[in-house]
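Commentary on secondary and tertiary structure
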Amino acid sequence: MKPLASPSALQSAIRNRQSAIPPLLLLAFCLAGAAAASAGEPLIVREIVIRGYPGDPAVIRGLMQTREGAPLDLTRLDDDIRAFLRAGHVATHQLQPLPNGWRVIIDISEALRVRSIRIRGAGRDWETKMLEALATRVDTPILPEVLKLPEDERFRRDKETIRAYCQEQGYRAVVVTSATFPVPNTPQLDLTFHVNLGPKYQVKWLRFRGNRSVRASELRRVMETKRDGFWTSRRYCDAIFEKDVERLQDYCRRVRGFPNAKVTFERRFLGPQGNRVDVTLIVDEGQLFPVASIEVKGATQWGADTLLAAIPLKQADVFSDKKMYESVVVIERLYHENGYPDVRVTPEGRPSPAGDSYDVTFTIEEGEAVRVNTIRTRGHPRTRRDVILREMELEPGMLYDVQKLERSQRALQRLQFFDAVTVRLAPADPPAPGERDLVVDVTEGHTGLFRFGAGVSSSHGVVGTIELAQRNFDWRDAPKSWSDLWSGNAYVGAGQSFRVTLMPGSIYSSYAIAFEDPYWRGRNESLGWSLYYNTRDQGTWDETRAGVRLSRGIRKYKGDPDTDVTFHVRLEAVNVAIHDEDDDDDDDDDDDDEPPQDAVDERGTHPVFGAGVTVRRDRKDRPTFPTKGYEWELGSELVMPHGVTFSAGGTRFWTLGSHPKDYERVLSLRGRVDYQAGSFPIYERLYAGGANLRGFAYRGAGPTDNDEPIGGKYRALVSAEYRYPIAPPNFYGVFFADAGTVTKDFTGFAKPRLALGFGFRLLVPALSHVPISVDFSAPVIKQGDDETEFLYFSLSLGR
């Protein structure tokens, strides 16, 4: 248990207890000790007497280091008193001389204990956090002397904890006092800390002076202390600001290459309450030093010229620790990619003899080359081992390569079968020189889905949903009992996908069954098929599409694990029906209800045959909420009897900052271009609006006839999106800008549309592995016949 006082207070109280020893007894003790020392005999504890303890005295003796028959040690006796207090006993000791030693008398009394602790004046949320940080706990024993200490000394450590927390929130002048309230008829007390926050301190002026090479905006980004603005309520804290000064100085020295830089500050407290802070940071950059020479020691696998060419630090560059340690990372990475996982690179930057430059040395301990002995997989009772092994680029006998290890881990994560994936090296079992085992630890997630309910989309309307899906399907894994079927232990584990979807809706309806095996017959070839029937109300006409689609693919094209090539064919029957074409009650003069002539011309059922190829590369760091990397695809399809379509698109992700983990701020840029060569009917043309061009209604941007969309042959779309964390890892906000155009023929970016907006992304793993999207957008640039919408939302329909 923790005592309810600082160590200094306890020591003072114990000393006060010891002062109860009569002076004559101490004098006798000293004289006897001097006599015994002169005779060469130690002072022996002959008897230990325990008084005042209601239980078995052996319990108290068990807490003591002092023993009968052992030499008397006052320091050890003081430690015993502290041990009693930690056990909840208040104790004093007396020493009585005996003819051949000493009697130690221990008087025990029951300690006061804390029944409850309260913090008043700081708010309930703050109270909860501060109580967790206090040294004091409920049921902590205390000495009565602690309660007799002055207010400044009582519970000093806890007061400092409370004061520091409040100061971090911007209340620099906070005052904390304590009060104790005995509980009648019990050896307990209630403890209350009273907090007077005072005014909130905020930085109203934040200036830099003396910085010539480093811009003020760059330095501000390094600081945690920020200037308060009209739309913000930033706090000021002395401790955080002083760390900022150290951080700025370190940044100038290590990152910007000013090894002698110094940062000081001037600080004033202004305003009626003195809580408006005026800060001036004085930056003395000092002198820049160039790199005079760079030396590499200990390298045998590569020549020094090869390593020097690879690193970012170059001779005659301005010296900085940042570039030096970045060079260490480059060298170690080079070794890790070529079989040396244990390499160590030690950098040293030292001033030259003349003192006007730096000499840099990289000392390399290469270690031994390592090959993969075997691959051990763990944590997948349902997933077959070969499903994991086929995603591994590293195989037994291969030289270790960290790049292949990282790509293998990314491939396993992309499967979305596992909640966690870790791939690491481990000692070979049994041990073998120059060999390691590769250990793959996974945690299986939920891959099956049965969903029954309703969804809403601004493009699809109200849609009922009955969906049965398994992303880790195995058509050969028949159930052995009914319990296997209902518990999810049947038809699972081979890495295939199977989905049955029934989605009747008010505007859009879809019925489909689909299957895909990404490694058909154990080869790097995929096989998939789907049967589908879709209907959509297009406003003045209906489109019904029934068909079958077959696909074959090449996985890991030319050895690249992130690149796939897929060939497909589709055979469809498309029916176009005009609304109310036989209704005599309609107003024939109302052009607003007239369907486009292109739809009227295609009235009836038409066969469509398509055959195409798509090349796709995916190098995102993760499938959901990616933070870096890119993906792109190129495709073409021959559509008989209409013509050929060409398409290209991609997305790039950049991490702008992250603190702490999962709080990434991410910028993404997406673009896509589609073109049709030939004469395509209205139901095969290109459209924009809704999901691909927010701010515009579904198919609401593009050529029209009778105010109805008729699509085009050329489409170009560009989107920029900034994602920021709200409640990561499953809830984020976004700001975005969408631009695009659809025209009857290739026109570059003529007749552009532009919309700006914001939105939210919510991932509910129990419902779907695709986030729910809600976007609010306003068109900034639009064309005359465009149909706009302010809200776009989707519940991941059809995926």
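A short tour of the structure in this document, coming up.

**Some points on the pattern of salt bridges**
- For the coordinates displayed, the defined rule picks out 64 salt bridges.
- Close ionic contact of Glu 348 with Arg 350 constitutes a salt bridge, the shortest N to O distance being 3.9 Å.
- A relative accessible area of 43% places Glu 348 in the partly exposed class.
- The partner of Glu 572 in a salt bridge is Arg 545, with the nearest N and O atoms 2.6 Å apart. Of this pair, Glu 572 sits in strand β23 (residues 563-578) while Arg 545 sits in strand β22 (residues 541-554), and the two are 27 residues apart along the sequence. Take Glu 572 and Arg 545: they sit in the same class, and that class is buried.

**Regarding the sheet that holds strand β1 (residues 45-51)**
- On the basis of which strands lie adjacent, the open sheet formed by three strands has the order β1-β3-β2 and mixed pairing. The open sheet terminates on both sides in strands that have one partner only, identified here as β1 and β2 (89-98). Strand-to-strand twist in this sheet, taken as the mean axis angle between neighbours without regard to direction, amounts to 20°.
- For β1 and strand β3 (residues 101-110), the ladder comprises six bridges, and the chain directions are parallel. The residue bridging Ile 50 from the neighbouring strand is Ile 106, located in β3.
- The strands touched by helix α4 (residues 74-86) within the sheet are β2 and β3, with β2 carrying the most contacts at an inclination of about 150°.

**Side note on the sheet that holds strand β4 (residues 112-120)**
- Read across the open sheet, the four strands follow the order β5-β4-β7-β6; overall the sheet is mixed. Unpaired on one side and paired on the other, β5 (141-142) and β6 (175-183) mark the two borders of the sheet.
- Across nine bridges, β6 lies against strand β7 (residues 188-196) in antiparallel orientation. Bridging across to β7, Pro 182 finds its partner in Leu 189.

**Considering the side chain of Thr 377**
- Position of Thr 377 relative to the elements: it lies in strand β14 (residues 371-378).
- A polar side-chain atom of Thr 377 sits 2.8 Å from a polar atom in the side chain of His 380.
- Among the polar contacts listed, one links the side chain of Thr 377 to the side chain of Arg 385, at a separation of 3.1 Å.
- Residues contacting Thr 377, with those up to four places away along its chain left out, are Arg 385, Ile 388, Leu 389 and Val 440.

**Let's talk about the pairing of strand β9 (residues 262-270)**
- Looking at chain direction, β9 and strand β10 (residues 276-284) are connected through nine bridges and run antiparallel. The partner of Thr 264 across the bridge, within β10, is Ile 282.
- Linking β9 back to β10 in an antiparallel pair, the connection comprises five residues, with Gly 271 at a positive phi of about 90°.

**Here's the deal with the pairing of β4**
- Strand direction decides the pairing type here: β4 and β5, joined by two bridges, are antiparallel. What sits directly across from Leu 112, in β5, is Ile 142.
- Relative to β7, β4 runs parallel, the two being bridged by seven bridges. Residue pairing for β7: Ser 116 is matched across the bridge by Asp 190.

**Concerning the nonpolar core**
- By size, the foremost hydrophobic cluster in this structure holds 25 residues, and its most contacted members are Trp 126, Met 130, Ile 162, Cys 166, Phe 193 and Val 195.
- Contributions of two or more residues to this core are made by β4, α5 (124-133), α7 (156-168) and β7.
- Of the residues forming this core, the biggest block, four residues, is contributed by β7.
- Ignoring sequence-local partners within four residues, the contact set of Phe 193 consists of Ile 117, Arg 118, Ile 119, Arg 120, Leu 134, Phe 155, Asp 158, Lys 159, Ile 162, Val 176, Thr 177 and Ser 178.
- Counting residues in hydrophobic clusters, the runner-up holds 21 residues, among them Tyr 201, Met 223, Tyr 236 and Phe 258.

**Observations regarding the environment of Ala 292**
- Note on placement: Ala 292 falls in strand β11 (residues 291-297).
- On a C-alpha basis, the gap between Ala 292 and Asp 359 in space is 5.5 Å, while along the polypeptide they are 67 residues apart.
- Look past the residues within four positions of Ala 292 in its chain and what remains in contact with it is Gln 315, Ser 357, Tyr 358 and Asp 359.

**Here we look at the packing of aromatic side chains**
- The tally for this structure, following the rule as stated, stands at 24 aromatic pairs.
- A centroid spacing of 6.1 Å and a plane angle of 70° characterise the contact between Phe 417 and Phe 418, whose relative ring orientation is edge-to-face.
- By relative accessible area, Phe 418 is classed as buried at 8%.
- Note on Phe 473 and Tyr 491: the rings are 6.1 Å apart at their centroids and 20° apart in plane angle, and the pair reads as stacked. One end of the pair, Phe 473, is in strand β18 (residues 461-473); the other, Tyr 491, is in the loop between α14 (482-487) and β19 (496-503), with 18 residues separating them in the sequence.

What counts and what doesn't
Residues numbered from 1 in each chain as written. Predicted model: local features only at pLDDT ≥ 70, side-chain atom pairs only at ≥ 80, totals over all residues. Heavy atoms only, no water. Salt bridge = Lys/Arg side-chain N within 4 Å of Asp/Glu carboxyl O. Buried < 20%, exposed > 50% of the residue type's maximum accessible area, 1.4 Å probe, protein only. Helix = DSSP H or I, 4+ residues; strand = E, 2+ residues; numbered from the N terminus. Pairing = 2+ DSSP bridges. Axes fitted to C-alpha atoms, helices over the stretch in contact; angles between N-to-C directions. Contact = heavy atoms within 4.5 Å. Polar contact = N/O pair within 3.5 Å; in protein donor to acceptor, adjacent residues only side chain to side chain. Core = buried A, V, L, I, M, F, W, Y, C linked by side-chain atoms within 4.5 Å. Phe/Tyr/Trp six-rings, centres within 6.5 Å; stacked < 30°, edge-to-face > 60°.

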